[in-house]
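Listed below are the residues making up each chain.
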Amino acid sequence: MKVTHTMQKRETETRQAQALDFLNNRLGEPPLEQGWIPFFGKAFEFHRDSSGFLVSCQQKWGDIFTVYIAGKYITFVLNPFLYQLVVQHKQLDFKAFSLAMSARTFGHPYLNDPKVPVSSEEIQKHYSCLMGEELHILVESTMKNLQSVLKQEQMWPTDWKVESMLDFCCRITFETTYISLYGMAPKNEHKQITELREKFLKFDKKFPYLVAGIPIEFLGNTKMIRKELINYFTSRNLDQRLNMANIIKARKNFFEGHSYLQDHQSAAHHLAFLWAAVGNTVPAVFWALYYLVKNPEAHAAVHDEIEHVLQAAGQRPGPDFNISLSREDLDSMVTLGSAIKESFRLCSFSMNIRAAQEDVTLTFKEEQRVKLRKGDWIALYPHILHMDPEVYENPEEYKYNRFVENGMEKTAFYKGGRKLRYYLMPFGSGSSLCPGRHFAVNEIKIFLSIILASFDVEIVEREKSVGLANNRAGLGILFPDSDVQFRYKCHQ
Ligand code: HEM
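Residues numbered from 1 in each chain as written. Predicted model: local features only at pLDDT ≥ 70, side-chain atom pairs only at ≥ 80, totals over all residues.

1. As for the UniProt feature "binding site: heme" (unreviewed entry) in the protein chain
Phase 1: Cross-referencing UniProt, the feature "binding site: heme" (unreviewed entry) maps to Cys434 in the present numbering.
Phase 2: Locating cysteine 434 in the fold gives a position in the loop between strand 13 (418-419) and helix 19 (437-454).
Phase 3: On the basis of neighbour counts, which here come to 18 C-beta atoms within 10 Å, the residue cysteine 434 falls in the partly exposed class.
Phase 4: If sequence neighbours within four positions are ignored, cysteine 434 has contacts with Phe427 and Gly428. (UniProt positions renumbered as here; feature names shortened; annotations may be inferred. Helix = DSSP H or I, 4+ residues; strand = E, 2+ residues; numbered from the N terminus. Buried ≥ 20, exposed ≤ 12 C-beta atoms within 10 Å, placed from the backbone. Contact = placed C-beta atoms within 7 Å.)

See below:
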């Protein structure tokens, strides 16, 4: 430990000296925000208020600076016009970092290990099942499944029914996504899915600690919960399920074809995928619904659009929950799409990380070169861009139609008079772009169109202010810091 601290001190001193060089306009490393607590550095400040902390660093150092967080030197690039260079740079890698993080968090073997004959590229080929024609099939089954979940819960109250909104969104989204991807058991398994969801949520609470590298043994009963979760996905259990999505079938066949992977290791890969599919979708569904219901003008505009599309498609909501909308119908809901994007803008805090493969010098402009050491991380933090008043007027405000222009999706956003290539990034970028992004948006649209078409919905605790819980900053869509009561009844 002592040796590590001495080495760390030496490295820090070198970095600080180099940072001074940089300030003097000499070639060097970016300015360093170090903190005085060994190992943790600025971890607590980042954890408390990630955006506020990064903006204060930006005011002090400019658009590029390094922060020491939990044993890692992370160089932040906050100028959106420089994003492209980071995203496309050949010596900046996403895979090694993400594979190590996934292996540690979900307990599967590290892929791309020379001893393991499976590459992550082979697994990525299956992501085509989340796009194009395949996506039509998945969207159709999700539409049916969501409604069968609502029907099963006997959800057609003629008088107001009060519920907690996050709990409601989580319950419906989790079960719908799970059966749409992993298929259904031959007999009713609502109770088992409830247990699975409860375990999943307990595991999810510890997710940020696992990602931060805290050994699972230090996290109470998390290891046992993870083992129980993994057991849901053994070959024997998956073999019994009907109507599994093609993406899961393809992954299952692929893992089973590699005999070196033990059954529980393949099952851990399935758990990782389930986390990817619901970990962000649940809070995204919550925020999209919350903002709409909280803003009467937005609610009315989106409701009108949904009604219009339903009428044109000859569909009517009712207690039998039998609405069928095509992907084209969903795509045509531009106002709803904008409202969802607006909630992404406000609540997405994902960090796009790349690791330097070698010592590397990034040339942003002729006069701006930045040195990184092998193993250092470079990060984009798009939430700062999402809240930039030069790009988005009154960025703190929820404007449901911010992404609509002349009845079409608005894609032109500017900073300093220059058009931005990157202006909204809830789904990562380049090699780390989320393969489930189209499915996610369709799923959120399905949820909102069925709920808003079927029910009158109101927030009960109108004065309550619901904020963002910062504990997942850097990892995706933030959860609310508390739940909120709402009520609904069927349209009469
Ligand atoms: C609103 C919902 C979602 C958001 C905001 C989101 C966001 C993201 C982001 C930011 C990443 C990159 C992670 C990183 O940089 O470390 C990612 C990766 C991923 N997402 Fe999503 N995601 C969502 C929904 C989904 C869904 C529904 C699926 C699948 C059905 C999915 C599957 C994946 C997978 C498999 C990866 C890892 C890809 C790889 O191998 O590199 N996501 N997602």
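2. Considering the sheet that holds strand 3 (residues 72-77)
Phase 1: Spatially, 1-2-3-9-6-4 is the arrangement adopted by the six strands of the open sheet, whose pairing is mixed. Of all the strands in the sheet, just strand 1 (32-33) and strand 4 (92-93) have a single pairing partner and so form its edges.
Phase 2: The pairing of strand 3 with strand 9 (residues 377-380) spans three bridges and is parallel. By the bridge assignment, threonine 75 is partnered in strand 9 with isoleucine 378. (Pairing = 2+ DSSP bridges.)

3. A word on the domain arrangement of the protein chain
Phase 1: When cut into domains, the protein chain gives domain 1 (2-103 + 351-380) and domain 2 (120-348 + 404-490).
Phase 2: Using only C-alpha atoms to locate each centre, domain 1 and domain 2 end up separated by 33 Å.
Phase 3: Of the residues lining the interface, 20 residues belong to domain 1; the matching set on domain 2 comes to 17 residues.
Phase 4: Those elements that provide at least two residues to the side of domain 1 that touches domain 2 are helix 2 (43-48), helix 4 (83-88) and helix 5 (95-106).
Phase 5: Examining the composition of the side of domain 1 that touches domain 2, we find that five residues originate from one element, helix 5, more than from any other. (Domains from an automatic or database assignment.)

4. A few points about the site of the ligand
Phase 1: In the vicinity of the ligand there are 23 residues, among which Ala276, Asn280, Gly428, Cys434 and Gly436 approach most closely.
Phase 2: Counting only elements with at least two residues in the shell around the ligand, the list comes to helix 13 (263-278), helix 14 (281-294) and helix 19.
Phase 3: Counting residues per element, the shell around the ligand draws most heavily on helix 13, which supplies three residues.
Phase 4: Here the shell around the ligand is composed, by residue class, of 12 nonpolar, 11 polar and no charged. (Near = placed C-beta within 6 Å. Nonpolar A, V, L, I, M, F, W, Y, C, P; charged D, E, K, R; others polar.)

5. Brief notes about unusual backbone geometry
Phase 1: Here alanine 70, not a glycine, exhibits a phi torsion of approximately 45°, which is positive.
Phase 2: Within the secondary structure, alanine 70 sits in the loop between strand 2 (64-69) and strand 3.
Phase 3: If you check the backbone angles, asparagine 394 has positive phi at about 45° while not being a glycine.
Phase 4: Take asparagine 394: it is sitting in the loop between helix 18 (382-386) and strand 10 (404-405).

6. Quick look at the UniProt feature "binding site: substrate" (unreviewed entry) in the protein chain
Phase 1: In the UniProt entry, the feature "binding site: substrate" (unreviewed entry) is given for Arg104 and Asn280.
Phase 2: Secondary-structure assignment places arginine 104 in helix 5.
Phase 3: As for its placement among the helices and strands, asparagine 280 is situated in the loop between helix 13 and helix 14.
Phase 4: Apart from residues no more than four positions distant in its own chain, asparagine 280 is found in contact with Gly476 and Ile477.

7. A closer look at the packing of helix 15 (residues 296-312) against helix 19
Phase 1: At a minimum axis distance of 10 Å, the contact between helix 15 and helix 19 shows a crossing angle of 95°. When the axis of helix 15 is compared with that of helix 19, the two are roughly perpendicular. Together, Val302, His303, Ile306, Glu307 and Leu310 of helix 15 and Ser449, Leu452 and Ala453 of helix 19 make up the contact between the two elements. (Axes fitted to C-alpha atoms, helices over the stretch in contact; angles between N-to-C directions. Parallel < 35°, antiparallel > 145°, perpendicular 65-115°, else oblique.)

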